[in-house]
Amino acid sequence: MLTALVLMPVVAALVVLAVPRKRHEIHLPLGVVLSLAPLGLAAYLFWQFEPVAGMQFVVDVPWYEPWGIGWRLGMDGISMPMVVLTALLVPIALGASTAITKRTREFVVLTLLLEAGMLGAFVATDLFLFFVFFEAMLIPMYFIIGVWGSDRRIYAAFKFFVYTFFGSALMLASIIAMAVIHSSQTGAASFALSDLANLDLTMGAERLLFAAFAIAFAVKVPIFPLHTWLPDAHTEAPTAGSVLLAGVLLKLGTYGLMRFNLTLFPQASVDAVWIMGALAVIGVIYGAVVAIVQPDLKRLVAYSSVSHLGFIVLGIFALTSASLQGAVIQNVNHGLTTGALFLLVGMIYDRRHTKAIAELGGLQKSGPMLAGFFLFMTFASIGLPGLNGFVGEFLVVIGSFPTLPSLAVLAAIGVILAAVYLLWAYQRVFHGIPEGENATFPDLTPREIALLAPLVALVLLIGLYPNILLDRIAPSTEAVLDQVQAVTDYEVPYPGRLVDVFIPGEG
Amino acid sequence: MTDLAIDLLWLVILLPLAGALFLHFVGQRLPEPMAGLLASAAIGLSFLVGLVGAFPFFQGDGEATTILLWSWMPAIGANLELLWDPLSALMTLIVTGVGFLIHVFAIGYMHGDERFGRFFVNLNLFAASMLTLVLAGNYAMLFLGWELVGLCSYLLIGFWFTRDSAAGAAKKAFVVNRIGDFGMMVALMLVFAAFGTLSYAGIFDRAGEVLTTGVATAIGLLFLLAAAGKSAQIPLYVWLPDAMEGPTPVSALIHAATMVTAGVYLVARSAAIFELSPTAQVTVATIGAATALWAASIAIAQYDIKKVLAYSTISQLGYMFMAVGATAYVAGIFHLMTHAFFKALLFLGAGSVIHAMSDEQDMRKMGGLLSKMPVTGVTMGIATLAIAGVPPLAGFWSKDEILGSLFARGGWYGVLWVVGLLTAAMTAFYMTRQWVMVFWGEPRWSEDAHPHESPGMMTLPLIALAALTVVGGFVNTPFRFTLEHFLEPVFEGVSMQHPPEGWGMFALMAGISVFAGLVGLAAAGLAYRRPMEDWAEFEQGLQPVWGWWEQAYRVDDFYNVTVVQPGKKAAEAAAFSVDLPVIDGAVNGVGRLARGIGERVRVLQTGQVRNYAALLFAGAIALVVWLAVTGA
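Residues numbered from 1 in each chain as written. Chains lettered and ligands numbered in written order. Predicted model: local features only at pLDDT ≥ 70, side-chain atom pairs only at ≥ 80, totals over all residues. Heavy atoms only, no water.

1. Concerning the overall build of chain B
So, step 1. The number of helices and strands found in chain B is 28 helices and two strands.
So, step 2. Taking 2.2 N^0.38 as the reference for a compact globule, 632 residues should give roughly 26 Å; the C-alpha atoms of chain B span a radius of gyration of 28 Å, in line with that estimate.
So, step 3. Across its three principal directions, the C-alpha atoms of chain B cover 100 × 60 × 55 Å.
So, step 4. Of all intrachain contacts in chain B linking residues separated by at least 6 positions in sequence, the fraction that spans at least 24 positions is 81%.
So, step 5. Surface exposure of chain B reaches about 22,400 Å², of which carbon and sulfur atoms provide 66%.
So, step 6. Between the mean site of the 31 positive side-chain charges and the mean site of the 42 negative ones, chain B shows a separation of 12 Å. (Helix = DSSP H or I, 4+ residues; strand = E, 2+ residues; numbered from the N terminus. Rg over C-alpha atoms; globule rule 2.2 N^0.38 Å. Contact = heavy atoms within 4.5 Å. Areas by Shrake-Rupley, 256 points an atom, 1.4 Å probe, with all protein chains shown as cover. Lys, Arg positive; Asp, Glu negative; His and termini not counted. Charge placed at Lys NZ, Arg CZ, Asp CG, Glu CD.)

What follows is the structure, encoded as structure tokens:
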């Protein structure tokens, strides 16, 4: 089943490729329709998913036995939400790409290949296979930015590539090292996640490998100070590229930290809690502060991603039930809201051919529907309770407090700053009296509403009934916590224990 | 019937919510009054459900009930659940009752606005949010309502968004409130860390055994920060005067009668936590007293009819904080209720005046309006007397109970009692000044203004609120402690402050506070019944103090210089002096270095990317080898 999920986009890409280049008006609609197939399958998998720990829909086929590489796929509560999110965002991203007029066929093919890579990376339970998918995503995204991006696209694409590749090299080395170590300990090489999780690593080796994985994923997330590729990539990428970059690719970083760093290197993770948490919170505040003064709407949303992803990293390394659940669900939430914000910025750009905040203004008067959607997603992003962003961020900060109290408090400052940068931007873009081209700004078309509506529905659904995901997430995050506690001396603090320590007071 | 109503209690929230949704998707196309009538009907029905559900509490045999709707964030003990007890019932009745009257008023007031339907969407959404806040059965859901009312406030302050001042005020309100929300979030972190849940049921009964004094103080002070944002107390009150950019019914509903009292409600609801920390109590009361006095002094020198009321609201909220800080919870909630009546009335009256004067808000251009709009004038006059503390109007009873409680608690609270008395005199002064400037003396309006009484849709709510202002105080008098008994079960486990006992003491206390009110009333009446030149001279005679008051001590400028501008500079520095040149530069520098090395070692290959790949691959192999040797 998961094999079919991964291969579906590839088949879809081949079908699109089979349509002659001359029939360019067909490529995009065909791509959208075909990408509904993986979405349907993902929805079916979601439906069939049991709320228990452990991998489900497991596929385990030997691939290259001498090296212990296998076509190993599986899905648990940590990857399932990401699979659904990916399958959902691809048709939306394609549907939003009507502004792409050159080489449409190649664009659609690359996007579908990208989808295959993303889905594969989320369901791979073999490290070699994961690496293959992880790299396979890099190439289509490189071209999407480099070919269909705006003015500085070459620079941005190259920067994106070099950064990510640098991380990838570190990760590849670590993966090979682990296989080698496995072979020296058991006599047979293996790249299976379940095998490598039981390695007997020296402390030094574990820390080194942790660091290599952490850097590779930190680039992806991105964690401060490795974030500077992101604003450039986002600003230059076409709308679909930005949506998938923010919605899915960044999540591979946080997903990887949770899936691989916590599981493979529990002791090193526990030791690194403070440094990772601190970097995360620096990202939360720094990203938000820098976002405030960005003159370009897309860059502003990009920096807001740096801030929001910081919450997720904090939640991962705070290592409590609530914080981990919050981190996983925030992975989805950020994909929905930031994906939607990039869509909306793209819709503004399609009409006004500018993203400069100073050139926009009064758009609520001329485009009230677009303004309404934008404001809705703005508040989802700010973390308004009742919408999805709140559930994730609240679980993260409340859950992080028992283990990382000072960092949790600092992260909460990000909540103030989010209101500052987003509402100020909203005020400048949408409030006031529209002048010039802003006054004749056409409102949303039915196609655009259809793209945004599912995102709005999910933002509300997760905001008000997050259990639709949390029920399925919780057993898996608990399993991760149990495993960390089993092999380290770390214990999830019980309520009431820590508070007395740092706030003095007589009984 | 009553059981049914409690089973159907979620309707209290759902009705206005459904109203908002229906109007949003369908109602925008309805002809004008229909949207307003539907919205009013939704909240009116909500009031009726609440009324029937509250019936057992009136009879004294009701029990607090928790109604689970569905689970929300079980990991932190936060579900969507309603707590129906006398406190939430009373708040529900205030919100829906006063809310209904304001909805009806708005049908007349918003007549002709091109976004008439949209206005009622937001108004209904606000009601649903506020009811979520007061009916919540845990802190997370309270926070849900807390933020949603903030959203509605944002939307309604900025309702006329093409005005820059309205857009700015909306943003300011939300951002300043977010500072308070930071306090709320940290408080909830502490609560969760201490109790392992955010549910009231798991907190209040165990607070005494779980919390140390230090933690209780921390939570209490953080709640105070949150409350200072929402309820416009020092130092976060600055958003409320600007919020007057919103249409006047909004000011009445959100920025006077309901939303801004959420902070008072929060403290009263958390009585079990404040119980453990005298420090938190005294801080709440002191902030309240300081705010009451500070805002009252500013209100004295305002000329905008709504600004007077805005500062007056801040000041009266300070009164409520004094009460709940002194653990006189019933007195605080009592004043919350009476204030909702008379302040809503004052705002709606001001709206009626503004409406009649074709959007003029400067009181210097009014005067002598009583004969032109007698209903507005008389009802506002009643409210003015009520807020001034003239017996037997509602404001007298509730204000007196607060002052009496402060006096009875003594010590530092005795000092606050004096502040309260001084504020009472000032309140009587500025309110009388307002009424006289608007309704008495020589007409000062221009020739093309044609003031007229507002239509029945607007005056009927005024009359209803005036009636409540007259009789509302009798629910809790030294003769009959009805409200006290009503709320008793809520505050069962906590100690509560009461006014001094005995008729002699009551008479003395009442005498002193009524005297203070009458002094203010008489002074303003004498000064402002004279022609404008005379009182303008009187005001100038108070310079430079008058100028400070008139400019609200220039606190906005102060914040601008100390917080806003430095913050902006810091953000610019971070973005343009750090992020681009330093951090991005450093990484690019490393890249250049690598390229430099790459060029040196370039022998066979030519492509840049391939150089990188080769270099990195070599490094990777080296690492692997090293690891395989040492690590395994």
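2. Thoughts on the overall build of chain A
So, step 1. On a plain count of helices and strands, chain A comes out with 21 helices and two strands.
So, step 2. A principal-axis box enclosing the C-alpha atoms of chain A has dimensions of 70 × 70 × 40 Å.
So, step 3. Here chain A holds 507 residues, and 68% of them are scored as buried.
So, step 4. In chain A, the proportion of contacts linking residues at least 24 apart, taken out of those at least 6 apart, comes to 81%.
So, step 5. Distance between charge centres in chain A, computed from 24 positive and 31 negative side chains, equals 14 Å. (Buried < 20%, exposed > 50% of the residue type's maximum accessible area, 1.4 Å probe, protein only.)

3. Points about the pairing of strand β2 (residues 69–75) of chain A
For a regular strand, the rule is simple: side chains alternate between the two faces of the sheet.
Residue and element names in this part refer to chain A.
So, step 1. Extensive coverage of β2 is indicated by the burial of seven of its seven residues.
So, step 2. Residues Ile69, Trp71, Leu73 and Met75 point to one face of β2 and Gly70, Arg72 and Gly74 to the other, with burial holding for every one of them.
So, step 3. In the sheet, strand β1 (residues 56–64) pairs with β2 via six bridges, with the strands oriented antiparallel. Bridged to Pro62 within β2 is Gly70.
So, step 4. Hairpin connection, β1 to β2: the antiparallel pair is bridged by four residues, and Gly68 has positive phi, about 70°. (Pairing = 2+ DSSP bridges.)

4. Topic: the interface of chain A and chain B
So, step 1. With 84 residues of chain A at the contact, the number on the chain B side is 74 residues.
So, step 2. Applying the counting criterion to the chain A and chain B interface returns two salt bridges.
So, step 3. For the pair chain A and chain B, the interface holds 13 residue pairs in polar contact (both at pLDDT 80 or more).
So, step 4. Among the elements that make up the side of chain A that touches chain B, the one with the highest residue count is helix α6 (residues 153–186) of chain A (16 residues).
So, step 5. Each residue belonging to the side of chain A that touches chain B can be placed in one class, and the counts come to 61 nonpolar, 17 polar and six charged. (Salt bridge = Lys/Arg side-chain N within 4 Å of Asp/Glu carboxyl O. Polar contact = N/O pair within 3.5 Å; in protein donor to acceptor, adjacent residues only side chain to side chain. Nonpolar A, V, L, I, M, F, W, Y, C, P; charged D, E, K, R; others polar.)

5. Digging into the domain arrangement of chain A
All names here are of chain A.
So, step 1. If you check the domain split of chain A, you get domain 1 (1–269) and domain 2 (272–507).
So, step 2. Between the C-alpha centres of domain 1 and domain 2 there is a distance of 22 Å.
So, step 3. Summing the contributions of domain 1 and of domain 2, the shared interface buries around 4,500 Å²; its carbon and sulfur component is 74%.
So, step 4. Between the two partners, domain 1 and domain 2, sit one salt bridge. (Domains from an automatic or database assignment. Buried area = accessible area lost by both parts, 1.4 Å probe.)

6. What about the pattern of salt bridges?
So, step 1. Considering all chains together, one arrives at 24 salt bridges over all chains under this definition.
So, step 2. The partner of Arg178 of chain B in a salt bridge is Glu147 of chain B, with the nearest N and O atoms 2.5 Å apart. One end of the pair, Arg178 of chain B, is in helix α8 (residues 164–195); the other, Glu147 of chain B, is in helix α7 (residues 139–157), and 31 residues separate them in sequence.
So, step 3. Relative accessible area serves as the criterion here: at 1%, Glu147 of chain B is assigned to the buried category.
So, step 4. In this structure, Arg433 of chain B and Glu539 of chain B form a salt bridge, with 3.2 Å as the shortest nitrogen-oxygen distance. Residue Arg433 of chain B is located in helix α21 (residues 412–439), and its partner Glu539 of chain B is located in helix α25 (residues 532–541); the two are separated by 106 residues in the primary sequence.
So, step 5. A relative accessible area of 2% places Glu539 of chain B in the buried class.
So, step 6. Residues joined by salt bridges that share partners form a network here, namely Arg152, Lys159, Asp232 and Arg299 of chain A together with Asp584 of chain B.

7. Quick notes on the environment of Ala64 of chain B
Residues and elements named next belong to chain B.
So, step 1. Mapped onto the secondary structure, Ala64 falls in the loop between α4 (55–59) and β1 (65–73).
So, step 2. Ala64 sits 71 residues away from Leu135 along the chain, and the two C-alpha atoms are 12 Å apart.
So, step 3. Contacts of Ala64, omitting those with residues within four sequence positions, involve Phe57, Trp84 and Asp85.

8. Observations concerning the confidence of the model for chain B
So, step 1. For chain B, per-residue confidence averages 89 on the pLDDT scale, and residues scoring 70 or more make up 93% of the total.
So, step 2. Here the predicted complex scores 0.92 on pTM and 0.89 on ipTM. (pLDDT = per-residue confidence, 0-100.)

9. Description of the packing of aromatic side chains
So, step 1. Applying the stated criterion across every chain yields a total of 56 aromatic pairs over all chains.
So, step 2. For the pair Phe160 of chain A and Trp229 of chain A, a centre-to-centre distance of 5.4 Å together with 55° between the ring planes defines the contact as tilted. A residue pair is termed long-range when its members are at least 10 positions apart, and Phe160 of chain A in helix α6 and Trp229 of chain A in helix α9 (residues 229–236) qualify at 69 residues. For the pair shown, Phe160 of chain A and Trp229 of chain A are each scored as buried.
So, step 3. Taken together, the aromatic side chains of Phe130, Phe134, Phe213, Phe217, Phe260 and Phe265 of chain A make up a single cluster linked through ring pairs.
So, step 4. Sitting over the ring of Tyr349 of chain A, Lys355 of chain A keeps its end group 5.4 Å from the ring centre.
So, step 5. In this structure, Arg115 of chain B packs its charged tip against the face of Phe159 of chain B, placed 4.7 Å from the ring centre. (Phe/Tyr/Trp six-rings, centres within 6.5 Å; stacked < 30°, edge-to-face > 60°. Lys NZ or Arg CZ within 6 Å of the ring centre and 35° of its normal.)

10. Regarding the packing of helix α13 (residues 297–318) of chain A against helix α14 (residues 321–352) of chain A
Residue and element names in this part refer to chain A.
So, step 1. With their axes 8 Å apart at the nearest point, α13 and α14 run at an angle of 175° to one another. The angle between α13 and α14 places the two elements in the roughly antiparallel class. Between α13 and α14, the residues in contact are Leu297, Lys298, Val301, Ala302, Ser305, His308, Leu309, Ile312, Gly315, Ile316 and Ala318 and Ser323, Leu324, Ala327, Gln330, Asn331, His334, Thr338, Leu341, Phe342, Val345 and Ile348, respectively.
So, step 2. A per-class count over the contact of α13 with α14 returns 13 nonpolar, eight polar and one charged. (Axes fitted to C-alpha atoms, helices over the stretch in contact; angles between N-to-C directions. Parallel < 35°, antiparallel > 145°, perpendicular 65-115°, else oblique.)

11. Quick look at helix α17 (residues 305–325) of chain B
All names here are of chain B.
So, step 1. Compared with the 30 Å implied by 1.5 Å per residue over 21 residues, the 30 Å span of α17 between its first and last C-alpha is a close match.
So, step 2. Of all the 21 residues making up α17, 20 are buried; the element is thus mostly covered by neighbouring parts of the structure.
So, step 3. The N-terminus of α17 is capped by Asp304, whose side-chain oxygen sits 2.8 Å from the backbone nitrogen of Lys306.
So, step 4. Of the residues flanking the end of α17, it is Thr327, one or two places downstream, whose phi is positive at about 60°. (Expected span 1.5 Å × (residues − 1).)

12. A look at the environment of Ile219 of chain B
All names here are of chain B.
So, step 1. Relative to the helices and strands, Ile219 is located in helix α11 (residues 213–230).
So, step 2. The exposure class assigned to Ile219 is buried, which follows from its relative accessible area of 0%.
So, step 3. Measuring from C-alpha to C-alpha, the distance between Ile219 and Gly77 comes to 18 Å, with 142 residues separating the pair along the chain.
So, step 4. What Ile219 contacts, discounting residues up to four positions off in sequence, is Ala187, Leu190, Val191, Leu211 and Ile273.

13. Digging into helix α22 (residues 456–471) of chain B
Residue and element names in this part refer to chain B.
So, step 1. With 16 residues, α22 extends 22 Å between its outermost C-alpha atoms, agreeing within 8% with the 22 Å of an ideal straight helix rising 1.5 Å per residue.
So, step 2. Looking at α22, one finds that the buried residues are Met458, Thr459, Pro461, Leu462, Leu465, Ala466 and Thr469. The arc enclosing the buried residues of α22, seen along the axis, measures out at 155°, which places them on a common side.
So, step 3. Considering only its buried residues, α22 is in contact with α5 (86–109), α18 (329–356), α19 (374–387) and α20 (394–409). (Arc of directions from axis to C-beta.)

14. Examining unusual backbone geometry
So, step 1. Residue Pro225 of chain A follows Phe224 of chain A across a cis peptide bond; omega there is 0°.
So, step 2. Structurally, Pro225 of chain A can be placed in the loop between α8 (203–220) and α9.
So, step 3. Positive phi is not limited to glycine here, since Asp359 of chain B has a value of about 70°.
So, step 4. Among the secondary structure elements, Asp359 of chain B is positioned in the loop between α18 and α19.
So, step 5. The phi torsion at Tyr553 of chain B lies on the positive side, around 60°, for a residue other than glycine.
So, step 6. Within the fold, Tyr553 of chain B resides in the loop between α26 (545–550) and α27 (555–601).

15. Notes on a nonpolar patch on the surface
So, step 1. On the surface, Leu460, Leu461, Leu464 and Tyr465 of chain A together with Trp10, Leu14, Leu69 and Trp70 of chain B cluster together to form a nonpolar patch covering roughly 620 Å² of accessible area.
So, step 2. Where the nonpolar patch is concerned, the elements lending two or more residues are α19 (446–464) of chain A together with α2 (10–25) and β1 of chain B.
So, step 3. Structurally, Leu461 of chain A is set in helix α19.
So, step 4. For Leu461 of chain A, a relative accessible area of 33% gives the class partly exposed. (Patch = residues over 30% accessible without salt bridge, like charges linked within 9 Å, V, L, I, M, F, W, Y side chains within 5 Å.)

16. Thoughts on the packing of α7 of chain B against α11 of chain B
All names here are of chain B.
So, step 1. Contact geometry of α7 with α11 gives a least axis separation of 12 Å together with a crossing angle of 25°. For the element pair α7 / α11, the angle class is roughly parallel. Crossing of α7 over α11 shows left-handed handedness. Across from Tyr139, Trp146, Val149 and Gly150 in α7, the residues of α11 making contact are Phe223, Ala226, Ala227 and Lys230. (Left-handed = near helix turned anticlockwise from the far one by under 90°.)

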